[in-house]
Amino acid sequence: MAYQAEYIWIDGTEPTPLLRSKTKILADGKTPPVWGFDGSSTNQAPGDKSDCMLKPVFTCPDPIRGRDNILVLCEVDNARDGKPHPTNTRAACVRASKKYAQHEMIFGIEQEYTLLKLDGTPLGFPDGGFPAPQGPYYCGVGAGRVVARELIEEHTQACIDAGLMIEGTNAEVMPGQWEFQIGAADALTVSDHLTVARWLLHRIAEDFNIVVSLAAKPQKGDWNGAGAHTNFSTKAMRNDTNMKAIKAACEAIGKKVDLHIKNYGHDIESRLTGAHETAPYNRFSYGVSNRGASIRIPWQVELAGKGYAEDRRPNANVDPYVVTRLIIETVCGAAER
Ligand code: ADP
Ligand code: MN
Ligand code: MN
Ligand code: MN
């Protein structure tokens, strides 16, 4: 029987790209071919040369449609010459992953996000007012403390059914804010799975009339922002003794503060203020157990002398292909010097 393939790609919206998708019906047994779309409607091409190419790079079962239907994550290429489109950040991540393959870097990304009503106010905020201050919401249970549990449950099961490497979920510090984690795996696997997990979240929330926001600071004032803590390790860090490789990785990243911050998502200055479990965006630091540091080394890692580190700076709206590529280039590049 014919089946449906949902082609998913990242568009050219600025300052933060959006996800797009469309459906192709395929004959039984046919693998999803290269396809195209109108780039003039996604900020990816001018009207007179509007065609862009969709190149399938990752497929998984479609947990929403079920049966034999699939999701097809695509890279965007120029129709003209087949080269990666300027918005295709995955291509550069593929190159860096190949170049530094011997370091066997793996990542785990914690995706925080904020649920909004259609009018743009966070879910859980009373009409025209504010909820009680932060405190009871993080990992909370019970009405008045957490919202939209039904949506979170559905999304989590959908990620599992799609075969994505989802690791866990938790309610966050601000009402209406949640988190899920994807990993730990190589840069491309984590980024592909995270992109599909983001799409599933938007898609499922659509049925609840809830808006998913990846904004870095969706609510001004004394409310936590939303991040995408990026946990990373090289083979050397995992086989370390006395944290030598872990410290060297942190030092290397500390030498490229501007480059990383510039690419860690729109509006990072509003989020990384030094308050709300963040370090100021323009001052780099790393430390054990320190949630006020740019990079945190978990206490178990210090105890073992080996393991991984957590770059706490990336925004919820970060491009996973960009943050993983930068960490690969900075950490592995320094290790080879
Ligand atoms: P916390 O909220 O305390 O920062 P989480 O449990 O939300 O921690 O996330 C921990 C993350 O660390 C997960 O995404 C996991 O994949 C990642 N991680 C664990 N071990 C490694 C490792 N060796 N290399 C890279 N990432 C790792
Ligand atoms: Mn977490
Ligand atoms: Mn969190
Ligand atoms: Mn974290």
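Structure: above.
These numbers come from a predicted model, not from an experiment.

**Points about the sheet that holds strand 2 (residues 19-26)**
Spatially, the five strands line up as an open sheet ordered 2-1-5-4-3, and their pairing is mixed. Strand pairing shows two members of the sheet lacking a second neighbour, strand 2 and strand 3 (35-38), which therefore form its edges. For this sheet, the mean angle separating the axes of adjacent strands, direction not counted, is 40°. In terms of strand pairing, strand 1 (residues 3-10) meets strand 2 through eight bridges, oriented antiparallel. Its bridge partner lying in strand 2, tyrosine 7 is registered against lysine 22. The sheet contacts of helix 3 (residues 187-207) involve strand 1, strand 2, strand 4 (51-61) and strand 5 (70-78), and relative to strand 5 the element is tilted by about 115°.

**What to know about the coordination of the manganese ion (ligand 4)**
Note on the manganese ion (ligand 4): its protein donors are Glu110 (OE), Glu110 (OE), His229 (ND1) and Glu310 (OE). The metal-donor distances range over 2.0 to 2.6 Å. Mapping the donors of the manganese ion (ligand 4) onto the primary sequence gives the spacing E-x118-H-x80-E. Separating the manganese ion (ligand 4) from the manganese ion (ligand 2) is a distance of 3.8 Å, and glutamate 110 supplies a donor atom to each of them. Here the residue histidine 229 occupies a position in the loop between strand 9 (211-213) and strand 10 (230-233), and glutamate 310 occupies one in strand 13 (residues 309-311), the gap between them amounting to 81 residues.

**A look at the side chain of threonine 195**
Positionally, threonine 195 belongs in helix 3. With residues near it in sequence (within four places) discarded, threonine 195 still touches Ile10, Leu19, Leu73, Pro320 and Tyr321.

**Considerations on the state of the cysteines**
Evaluated as defined, the whole model comprises zero disulfides. Looking at the unpaired cysteine 60, the closest cysteine sulfur is the one in cysteine 159, lying at 9.2 Å. Judged by relative accessible area, cysteine 60 falls into the buried class, the value being 5%. With no disulfide of its own, cysteine 93 lies 11 Å from the sulfur of cysteine 332, the closest cysteine sulfur. For cysteine 93, a relative accessible area of 0% corresponds to the buried category.

**Digging into helix 1 (residues 90-99)**
Within helix 1 the residues assigned to the buried category are Arg90, Ala91, Ala92, Cys93, Val94 and Ala96. As for helix 1, its buried residues are in contact with strand 4, strand 5, helix 3 and helix 9 (320-335).

**Brief notes about the site of ligand 1**
Around ligand 1 there are 15 residues in total, and Glu167, Glu179, Ser233, Arg296 and Glu310 lie nearest to it. With respect to ligand 1, the side chain of glutamate 167 contributes an N or O atom lying 2.6 Å from an oxygen atom. When residues of the shell around ligand 1 are traced back to their parent elements, those giving at least two are strand 6 (106-116), strand 8 (177-185) and strand 10. With four residues, the top contributor of residues to the shell around ligand 1 is strand 6. Broken down by class, the residue content of the shell around ligand 1 amounts to five nonpolar, four polar and six charged.

**A short note on unusual backbone geometry**
Note the cis peptide between glutamate 14 and proline 15, where omega equals 0°. Within the element layout of this structure, proline 15 appears in the loop between strand 1 and strand 2. The step from glycine 183 to alanine 184 runs through a cis peptide bond, and the omega angle for that step is -15°. For arginine 67, which is not glycine, the phi torsion reads 50° and is therefore positive. The topology assignment puts arginine 67 in the loop between strand 4 and strand 5. Since its relative accessible area comes to 75%, arginine 67 is described here as exposed. Of note, asparagine 242 is a non-glycine position whose phi angle comes to about 60°, a positive value. Structurally, asparagine 242 is set in the loop between helix 4 (235-238) and helix 5 (244-254).

Quick notes on the rules
- Residues numbered from 1 in each chain as written.
- Chains lettered and ligands numbered in written order.
- Predicted model: local features only at pLDDT ≥ 70, side-chain atom pairs only at ≥ 80, totals over all residues.
- Heavy atoms only, no water.
- Pairing = 2+ DSSP bridges.
- Helix = DSSP H or I, 4+ residues; strand = E, 2+ residues; numbered from the N terminus.
- Axes fitted to C-alpha atoms, helices over the stretch in contact; angles between N-to-C directions.
- Contact = heavy atoms within 4.5 Å.
- Donors = N, O, S within 2.8 Å, 3.2 Å for Na, K, Ca; no water.
- Disulfide = S-S within 2.5 Å.
- Buried < 20%, exposed > 50% of the residue type's maximum accessible area, 1.4 Å probe, protein only.
- Near = heavy atom within 4 Å.
- Polar contact = N/O pair within 3.5 Å; in protein donor to acceptor, adjacent residues only side chain to side chain.
- Nonpolar A, V, L, I, M, F, W, Y, C, P; charged D, E, K, R; others polar.

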